[in-house]
Amino acid sequence: MSWHPQYRSSKFRHVFGKPASKENCYDSVPITRSVHDNHFCAVNPHFIAVVTECAGGGAFLVIPLHQTGKLDPHYPKVCGHRGNVLDVKWNPFDDFEIASCSEDATIKIWSIPKQLLTRNLTACRKELVGHARRVGLVEWHPTAADILFSAGYDYKVMIWNLDTKESVITSPMRTISCHQDVILSMSFNTNGSLLATTCKDRKIRVIDPRAGTVLQEANYKGHRASKVLFLGNLKKLMSTGTSRWNNRQVALWDQDDLSVPLLEEDLDGSSGVLFPFYDADTSMLYVVGKGDGNIRYYEVSADKPHLSYLTEYRSYNPQKGIGVMPKRGLDVSSCEIFRFYKLITTKSLIEPISMIVPRRSESYQEDIYPPTAGAQPSLTAQEWLSGMNQDPILVSLRPGSELLRPHPLPAGRPVFHSMAPASPRLLNQAEKLAAEDGWRSSSLLEEKTPRWAAEHRLEEKKSWLTNGFDVFECPPPKTENELLQMFYRQQEEIRRLRELLTQREVQAKQLELEIKNLRMGSEQL
């Protein structure tokens, strides 16, 4: 018998990690030195939030994503907590709203202004008071608007409804009290109907969050779990922790049967906590170790062997924490499928690392960018609390594509607008169509609007500009690819404007001829 090596075909076998250049990193950032096992960093397409060192309370920095380079030592902070900030999370449906929790046993919701911060932000939009001890974790619901989960050192998980007019909320909608020790991590399934948690008692629990009941509990002694993660629609859980011999390991579980893991794999003998990240669009699992310099990544499948090791990104700089960019903020022109923001305390540096699929073509790669979760909720808070479940609303990452809404929103449902920047070319086309149709609503609105309101809007618009450049709508190109794309867009726009100018010139000549004919006719009469 001839021996055949096991070969597995995969489009992600050659994925590699590409660190950003020095000028595209965030330097001189005073990263927190807290020993809490959290990410300490949250990212969205507009901002990066980092927990920082601060005397006399807790604070974090909110830095515009494109403001790279050395950070001003007096850069304004978001500071309102009386104790150290332990976790920060951006609202997935509002890029200008962030939640933070602290050792002062409170959770605060902050509205970040669109213009750059000029002084410390101390006034929060809402304050949630309910935990008896410090709050270690916060998580937003993946499909319902204004639903926030918090886990405290009082062994309770609280569910908060932010869709109220009150600025201080003292009573949560639900309290889950099934844990016997400190909660170490929380994770939702795709539609947010199930919550998985790990606890200091090393047990994994799958909970119905609305009823507060435990559906499954793992009592397996061979794996002491510290972090847990739902694996998309595979109906499986991935946990990281330690084995009986204190080796770091990952374990795969069936979410309907937590008696024995489907797979256990030892990684190494280090002591840092392992943070798992799963990309449901590519079925790739990334494992990041606290205090490590490397990032391991695997491909997950529903069939055995379930977990296929691809390779790892290696670096000499150990990470204190890590942030992850949502899929809608990735650079699809360079085939980027994931992006980390690595906190390097030893250098006071935040280093972006792009995971890239090597492709020769620069066109949009449909096979590696399936429809992904967008920035619009599929449920309101009341609908979710009443028992409804709905999958996320999907969007295509193709530039200029429309929202893929699987189900129409019911009448009366408020529409939440995504904060993704609109294409200038599309805006120009809309203006042209409006002018051709004789639409004058904007001019009528200007007549009805008082002059001071128009001046205020103009001043607000000016405040968004840096050196006459809008940092939110059209960031400056940083790579040769982006520069070429911007050049081609400008060439197309110039060509369109030339055609429009030619049409206007022809119309002007026709009008001149008509005027000349009318004059000649009047002279003959």
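All values reported here derive from a predicted model rather than from experimental measurement.

### Quick word on the overall build of the protein chain
Next, step 1: Regarding its fold elements, the protein chain presents five helices and 36 strands.
Next, step 2: Of the accessible surface of the protein chain, which amounts to about 27500 Å², a share of 52% is contributed by carbon and sulfur atoms.

### Focus on the sheet that holds strand β13 (residues 147–152)
Paired through their backbone hydrogen bonds, the strands of a sheet run either parallel or antiparallel.
Next, step 1: Reading across from one edge, β12-β13-β14-β16 is the order of the four strands in this open sheet, with antiparallel pairing throughout. Taken across any chain shown, the strands that pair with only one partner, and hence form the sheet edges, are β12 (135–140) and β16 (174–176). For this sheet, the mean angle separating the axes of adjacent strands, direction not counted, is 20°.

### What about the side chain of R248?
Next, step 1: Looking at the secondary structure, you find R248 in strand β23 (residues 248–254).
Next, step 2: Accessibility expressed as a relative area gives 2% for R248, which makes it buried.

### Remarks on the sheet that holds strand β27 (residues 295–300)
Next, step 1: Spatial strand order, β25-β26-β27-β28: four strands in an open sheet with antiparallel pairing. Every other strand in the sheet has two partners, leaving β25 (274–279) and β28 (307–313) as the edge strands with one partner each. Strand after strand, the sheet turns through a mean of 25° between neighbouring axes, direction not considered.
Next, step 2: Here β27 pairs with β28 via six bridges, running antiparallel. Counterpart to E299 in the pairing with β28 is S308.

### A closer look at the pattern of salt bridges
Next, step 1: Scanning the entire structure with this criterion turns up 22 salt bridges.
Next, step 2: Across the pair K22 and D27 runs a salt bridge, and its minimum N-O distance is 3.6 Å.
Next, step 3: On the basis of relative accessible area, K22 is assigned to the exposed category, the value being 56%.
Next, step 4: In this structure, the salt-bridge partner of K327 is D279, at a minimum N-O distance of 3.1 Å. Placement of the pair is K327 in the loop between β29 (321–324) and β30 (336–344) and D279 in strand β25, with a sequence separation of 48 residues. For the residue pair K327 and D279, the accessibility class agrees, reading buried in each case.

### Considerations on the pairing of strand β10 (residues 106–111)
Next, step 1: Of all six residues that make up β10, five are buried, and the element is covered over most of its length.
Next, step 2: Across five bridges, the pairing between strand β9 (residues 97–102) and β10 is antiparallel. Looking across to β10, one finds that C101 is bridged to I107.
Next, step 3: Sheet topology note: the β10/strand β11 (residues 126–129) ladder contains four bridges and is antiparallel. Residue T106 lies in a different strand from β11, and its bridge partner there is V129.

### Description of unusual backbone geometry
Peptide bonds are, in most cases, trans, and in most cases residues other than glycine have a negative phi.
Next, step 1: Here the residue pair K304 and P305 is connected by a cis peptide bond, since its omega of 10° sits within 30 degrees of zero.
Next, step 2: Residue placement: P305 occurs in the loop between β27 and β28.
Next, step 3: At D146, a position not held by glycine, the phi torsion is positive, near 65°.
Next, step 4: Within the secondary structure, D146 is located in the loop between β12 and β13.

### Focus: the nonpolar core
Next, step 1: Core analysis: the biggest nonpolar cluster contains 34 residues, and I48, F60, I112 and Y341 have the highest contact counts within it.
Next, step 2: Among the elements of the structure, β3 (41–43), β4 (47–52), β5 (58–64), β8 (85–90) and β30 are those that each provide at least two residues to this core.
Next, step 3: Here this core gets five residues from one element, more than from any other, and that element is β4.
Next, step 4: Among the nonpolar cores identified, the runner-up in size contains 25 residues, and V288, F338, M355 and Y364 belong to it.

### Remarks on the packing of aromatic side chains
Next, step 1: Inspection of the entire model under this criterion finds 14 aromatic pairs.
Next, step 2: With centroids separated by 5.7 Å and ring planes inclined at 15°, the aromatic side chains of F47 and W90 adopt a geometry described as stacked. Taken together, the residues F47 in strand β4 and W90 in strand β8 connect sequence positions 43 residues apart.
Next, step 3: Ring plane angle 70° and centroid distance 6.1 Å describe the contact between F149 and W384, whose orientation is recorded as edge-to-face. Pair noted here: F149 is in strand β13 and W384 is in helix α1 (residues 381–385), with a separation of 235 residues, a long-range link. The residues F149 and W384 share a single accessibility class, namely buried.
Next, step 4: Chaining the aromatic ring pairs together yields one cluster made of F277, Y286, Y297, F338 and F340.
Next, step 5: When the ring centre of F96 is taken as reference, the NZ or CZ atom of K114 above it lies at 5.8 Å.

### Some details on the UniProt feature "repeat: WD" (unreviewed entry) in the protein chain
Next, step 1: Mapped onto this structure's residue numbering, the UniProt feature "repeat: WD" (unreviewed entry) falls at residues 78–112, 128–170 and 176–217.
Next, step 2: As annotated, residues 78–112 has a helix share of 0% and a strand share of 63%, and its two end C-alpha atoms lie 9 Å apart.

### Points about the state of the cysteines
Next, step 1: Using the criterion set out here, one finds zero disulfides in the structure.
Next, step 2: C199 carries a free sulfur, and the closest cysteine sulfur to it, the one in C178, is 8.5 Å from it.
Next, step 3: Judged by its relative accessible area of 0%, C199 falls in the buried class.

Scoring rules and cut-offs
Positions within a chain are numbered from 1, following the residues in the order the chain's sequence is written. Thresholds applied to this predicted model are a pLDDT of at least 70 for local features of residues and 80 or more for the giving and counting of side-chain atom pairs; totals over whole chains, interfaces and linings are not thresholded and use all residues. Hydrogens are left out, water is left out, and the side-chain values use all remaining heavy atoms of the structure. Going along the chain from the N terminus, every DSSP run of H or I of four or more residues is numbered as a helix, and every run of E of two or more is numbered as a strand. What sets the accessible areas is the Shrake-Rupley method with a 1.4 Å probe; for residues, cover comes only from the shown protein chains. Note on pairing: two strands pair once DSSP finds at least 2 bridges between them. Axes here mean lines fitted to C-alpha atoms, for a helix over just the part in contact, with angles spanning 0 to 180 degrees between N-to-C directions. We call a residue buried when its accessible area falls under 20% of the maximum for its residue type, exposed when it is over 50%, and partly exposed in between, using a 1.4 Å probe and counting protein chains only. The term salt bridge refers to a side-chain nitrogen of Lys or Arg lying within 4 Å of a carboxyl oxygen of Asp or Glu. Think of a nonpolar core as a cluster: buried Ala, Val, Leu, Ile, Met, Phe, Trp, Tyr and Cys residues, connected wherever their side-chain atoms sit within 4.5 Å. Two rings from Phe, Tyr or Trp (for Trp, the six-membered ring) form a pair when their centres are within 6.5 Å of each other. A pair whose planes differ by under 30 degrees is stacked, one over 60 is edge-to-face, and the rest are tilted. Here, a charge over a ring means that NZ of Lys or CZ of Arg falls within 6 Å of the ring centre while also lying within 35 degrees of the ring normal. UniProt positions are given in the numbering used here, feature names are shortened, and annotations may be inferred rather than shown by experiment. Put simply, a disulfide is two cysteine sulfurs that come within 2.5 Å.

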